[in-house]
Amino acid sequence: MGVTVYYIICAILAVGVLLGISFMSKVKTAVMGNALSAISLFAGVVITLLFNGIVSVWSIYLYAIIGVLIGSFLALRVKMIQMPQMVALLNGVGGLASGLVGILTMIGIGMGETSYPIFVLITAVLAILVGMLTLSGSLVAAGKLHAILPQKPVVWKNHPLILNLLLISMLALVVITGFSAEISGLKLVLIIVATVISLLFGYAFAIRVGGADMPITISLLNSLSGVAGAIAGMAISDILLIAVGGIVGASGLFLTQIMCRAMNRSLMEILTGKTSVATKPATKKTETVAVIKPKEVDKKSPFETLRNAKSVIIVPGYGMALAQAQHLVRQLADNLEANGTEVKYAIHPVAGRMPGHMNVLLAEADVPYEQLYEMDNINPEFSTTDAVIIIGANDVLNPAARDAVDTPIYGMPILDVDKASNIFICNYD
């Protein structure tokens, strides 16, 4: 296979991955997008083996089979409620793979080579740094989501200082690496130091993030796993790995920005942990403003209200996920529709513990995708709907976000459920 043909095929496969990610942004085409990306990546593996002439290396297929078995086992055993921690874990695995590429590249440099291009050396150590911090950060995120670690922010004394010192150490390590190309004996030391520092940084960064900011954290770690892959591709001169890693990194960063806007957070606030520390309580003035004046009380029973409703909006939240109530919610919607009621679902971008969490759970209950509405599209309809049913949602619809200046949720875009004439709230606790 010629180099030109290889580059053309890589470009086509990269576009296939990009299209797959684009399709996954819409519920209707998500399955097709996932399949397209998976096929493109599998084809990329085959093309890489052919181009590099390593098809005959039998151990590759042994490890591939082991990976397929592990992935199939997880796909069958992991429940939908556990999907956020599964995604976090997979982000960590991607970071580990990139880190190992960086380590093996540096080891290869030290075997029989007294000098090597500085670019390869620096990208190798960068792959270790970004990959390993993604690994430890993702493991902490998965541990928090699985309740193995405390879900509340864990803030150490001088936490920002510790993070800054670790970050400076990583930058200094990159500089030192650039000047050590002629000293092969330093390679092992650089590998160990880079691994330890990056693991500590990832842990220190993720441990202080609370459950409320977890959707942003997961999408950011997803982006970092792609960045680590792209850097690893630079280290080994693999153009397809660079392209796919860059696509994943960019799409993850765009998703992170979407999550930040949905929670009225800035990315810098997340990175510096400012959203994870306790905020001062709201003043008396803002507490008064945040109180909703009750509308005229409807004397009808909840049963009569829902039976007579022509339109109902269901608002799912993390409580529904914890209770695994999506199937019961679907039954309720079926009963309402059998009575002639139009049912819609209002999906807030950060409802749950990862982007798209509610969509995944409702898809498991076979809720038609046509009934799922994003926040901006459904908000104008709350004032005209007959009833709203809230299933375990809290911050994403709290009116205090509009007025309670000193609270953590102030300024966060919310679902305007308080404008509805009838509201039923079902909380998990």
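Here, the structure is the one placed above.
Residues numbered from 1 in each chain as written. Predicted model: local features only at pLDDT ≥ 70, side-chain atom pairs only at ≥ 80, totals over all residues. Heavy atoms only, no water.

### Side note on the sheet that holds strand 3 (residues 372–374)
Taken in spatial order, the five strands make up an open sheet running 3-2-1-4-5, and their pairing is parallel. Since the sheet does not close on itself, it has two edges, and those belong to strand 3 and strand 5 (423–426), each with one partner. The sheet shows a mean angle of 25° between the axes of neighbouring strands, taken without regard to direction. Direction of pairing for strand 1 (residues 311–316) relative to strand 2 (residues 342–347): parallel, over a ladder of four bridges. Following the sheet pairing, I313 is matched in strand 2 by K344. The strands touched by helix 14 (residues 326–338) are strand 1, strand 2 and strand 4 (387–391); relative to strand 2, the strand with the most contacts, the crossing angle is about 145°. Contacts from helix 15 (residues 357–364) reach strand 1, strand 2 and strand 3 within the one sheet, and its direction differs from that of strand 2 by about 145°. (Pairing = 2+ DSSP bridges. Helix = DSSP H or I, 4+ residues; strand = E, 2+ residues; numbered from the N terminus. Axes fitted to C-alpha atoms, helices over the stretch in contact; angles between N-to-C directions. Contact = heavy atoms within 4.5 Å.)

### Regarding the pattern of salt bridges
Counted by the stated rule, this structure contains six salt bridges. A salt bridge links R330 to D334; the shortest N-O distance between them is 2.9 Å. Remark: D334 and R330 occur in helix 14; sequence separation between them is four residues, near one turn of the helix. Taking the relative accessible area as the measure of exposure, D334 reaches 31% and is therefore partly exposed. Across the salt bridge formed by R402 and D418, the nearest N and O atoms sit 2.9 Å from each other. Within this pair, whereas R402 is found in helix 17 (residues 400–403), its partner D418 is found in the loop between helix 17 and strand 5, the two being separated by 16 residues in sequence. (Salt bridge = Lys/Arg side-chain N within 4 Å of Asp/Glu carboxyl O. Buried < 20%, exposed > 50% of the residue type's maximum accessible area, 1.4 Å probe, protein only.)

### Some remarks on the packing of helix 8 (residues 214–235) against helix 9 (residues 239–262)
Axis separation between helix 8 and helix 9 bottoms out at 7 Å; the angle between their running directions is 160°. As summarised for this structure, helix 8 and helix 9 are arranged roughly antiparallel, according to the angle between their axes. Where helix 8 crosses over helix 9, the two elements pack in a sense that is left-handed. Here the residues of the contact of helix 8 with helix 9 are counted per class, giving 14 nonpolar, 12 polar and no charged. (Parallel < 35°, antiparallel > 145°, perpendicular 65-115°, else oblique. Left-handed = near helix turned anticlockwise from the far one by under 90°. Nonpolar A, V, L, I, M, F, W, Y, C, P; charged D, E, K, R; others polar.)

### Here we look at the pairing of strand 2
Summarising burial for strand 2: five of the six residues are buried, a large majority. Alignment of strand 2 against strand 3, held across three bridges, turns out to be parallel. Along strand 3, the bridge assignment pairs Y345 with L372. The parallel pair strand 2 and strand 3, bridged by helix 15, forms a crossover whose chirality is right-handed. (Right-handed = clockwise from strand over helix to strand, strands pointing away.)

### Thoughts on unusual backbone geometry
At N158, a position not held by glycine, the phi torsion is positive, near 60°. Structurally, N158 can be placed in the loop between helix 5 (118–145) and helix 6 (159–178). Look at N158 and you get partly exposed, because its relative accessible area is 47%. Even without being glycine, S237 reaches a positive phi, approximately 60°.

### Some thoughts on the nonpolar core
Ranked by internal contacts, the top residues of the largest apolar core, which has 54 residues, are M106, V315, F382, V388, L415 and V417. The residues touching M106, leaving out its near neighbours within four places in the chain, are L121, A124, V125, I128, K187, L190 and I191. Ranked by size, the runner-up nonpolar core spans 26 residues in total, among them Y318, A325, L362 and V367. (Core = buried A, V, L, I, M, F, W, Y, C linked by side-chain atoms within 4.5 Å.)

### Brief notes about helix 6
The end-to-end C-alpha distance of helix 6, which contains 20 residues, comes to 29 Å, matching closely the 28 Å that a straight helix rising 1.5 Å per residue would cover. Among the residues of helix 6, those classed as buried are H159, L163, L166, M170, L173, V174, T177 and G178. Looking straight down helix 6, one finds that the buried residues subtend no more than 145° of arc, so they occupy a single side. Residues I168 and L171 are exposed on helix 6 and point more than 90 degrees away from its buried face. Residues of helix 6 that are buried in the fold lie against helix 5 and helix 7 (187–207). (Expected span 1.5 Å × (residues − 1). Arc of directions from axis to C-beta.)

### Comments concerning the environment of G352
Within the fold, G352 resides in the loop between strand 2 and helix 15. C-alpha separation for the pair G352 and P316, spaced 36 residues apart in sequence, amounts to 8.9 Å. Setting aside residues up to four positions removed in sequence, G352 forms contacts with P215, Y318, H357 and M358.

### What to know about helix 14
Quick reminder: α-helices carry 3.6 residues per turn. Residues three or four places apart thus point the same way. The terminal C-alpha atoms of helix 14 lie 18 Å apart, and with 13 residues this matches the ideal 18 Å at 1.5 Å per residue to within 8%. Buried within helix 14 are the following residues: Q326, V329, A333 and L336. The buried residues of helix 14 all sit within an arc of 75° when viewed along its axis, so they share a single face. The outward face of helix 14, more than 90 degrees from its buried face, is lined by the exposed residues L328, N335 and A338. The inward-facing, buried residues of helix 14 abut helix 12 (302–308), strand 1, helix 13 (318–323), strand 2, helix 15 and strand 4. Positive phi shows up at G340, right after helix 14, with a value of about 90°.

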